[in-house]
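A structural walkthrough
What follows is each chain in one-letter form.
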Amino acid sequence: MAPIAPIAPIAPKATRQGRHRNHYNPAQRIAALGVTSKSIREWATDQDLDAPTRGVLPAHLLDAYEAAHQQTAAAS
């Protein structure tokens, strides 16, 4: 009796090499700014920006905060 041949070739083992992970970490950005998330939320509210009351701060909010405070520091 002859051995049975496989119907389909065996697929190669999947690897993680092609994956891209988003390394956005708002906690590290906030710490680097030397402020608290609460103060950024208050600033955003004062600027009439839509800021979540809880949870992770969106990247666009941190970008706006950094831009506003870099201009303030440059003007001083």
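Up top you'll find the structure we're talking about.
Summary of the structure given here. (Residues numbered from 1 in each chain as written. Predicted model: local features only at pLDDT ≥ 70, side-chain atom pairs only at ≥ 80, totals over all residues. Heavy atoms only, no water.)

Considerations on the overall build of the protein
Keep this limit in mind: Secondary structure elements follow DSSP: runs of H or I no shorter than four residues count as helices, runs of E no shorter than two count as strands, and numbering proceeds from the N terminus. Relative accessibility decides the category of a residue: with a 1.4 Å probe and only protein chains considered, values under 20% of the type maximum give buried, values over 50% give exposed, and everything between is partly exposed. The contact criterion used throughout is that any non-hydrogen atoms of two residues lie within 4.5 Å. Computed by Shrake-Rupley with a 1.4 Å probe, the accessible areas treat only the displayed protein chains as cover when residues are assessed.
Secondary structure assignment for the protein yields three helices and zero strands. Sequence-ordered secondary structure for the protein, helices as α and strands as β, is α-α-α. For the protein, with 76 residues in total, the buried portion stands at 14%. Here the analysis covers contacts within the protein between residues at least 6 apart in sequence; of these, 44% occur between residues at least 24 apart. Of the roughly 6,700 Å² of accessible surface on the protein, a fraction of 56% belongs to carbon and sulfur atoms.

Details of the pattern of salt bridges
One side chain can pair with another of opposite charge once the charged atoms of both are near each other. Note the following rule: The salt bridge definition used is simple: a Lys or Arg side-chain nitrogen within 4 Å of an Asp or Glu carboxyl oxygen.
For the coordinates displayed, the defined rule picks out two salt bridges. A salt bridge links Asp-63 to Arg-29; its shortest N-O distance comes to 2.7 Å. Residue Asp-63 is located in helix α3 (residues 59-75), and its partner Arg-29 is located in helix α1 (residues 26-33); the two are separated by 34 residues in the primary sequence. A residue is classified by how much of its surface remains accessible, and Asp-63, at 41% relative accessible area, is partly exposed. Ionic contacts of the salt-bridge type, sharing partners, join the residues Arg-29, Asp-63 and Glu-66 into one network.

Description of unusual backbone geometry
Even without glycine at this site, Asp-48 takes up a positive phi of about 60 degrees. Here Asp-48 lies in the loop between α2 (37-46) and α3. You can call Asp-48 exposed: its relative accessible area is 71%.

Remarks on the nonpolar core
Convention followed: Each nonpolar core is a collection of buried residues, namely Ala, Val, Leu, Ile, Met, Phe, Trp, Tyr and Cys, held together in the definition by side-chain atoms within 4.5 Å.
In this structure, Ile-30, Ile-40, Trp-43, Ala-44, Ala-51, Leu-57, Leu-61, Leu-62 and Tyr-65 together form the largest nonpolar core, which totals nine residues. Those elements that place two or more of their residues in this core are α2 and α3.

Considerations on α2
Note the cut-off: As used here, the arc is the angular range of directions from the helix axis to the C-beta atoms.
Among the residues of α2, those classed as buried are Ile-40, Arg-41, Trp-43 and Ala-44. Taken around the axis of α2, the buried residues stretch over an arc of 160 degrees, which confines them to a single face. Along α2, exposed side chains directed more than 90 degrees from the buried face belong to Lys-38, Thr-45 and Asp-46. Just downstream of α2, Asp-48 is the residue with a positive phi angle, here 60 degrees.

So, α1
Heads up, the condition is: Counted as a polar contact is a pair of N or O atoms within 3.5 Å, where, for protein atoms, one must be capable of donating a hydrogen and the other of accepting one, and residues adjacent in sequence contribute only when both atoms are in side chains.
For α1, the N-terminal capping position is held by Asn-25, with its side-chain oxygen 3.1 Å away from the main-chain nitrogen of Ala-27. Looking one or two residues beyond α1, the residue adopting positive phi is Gly-34, at roughly 80 degrees.

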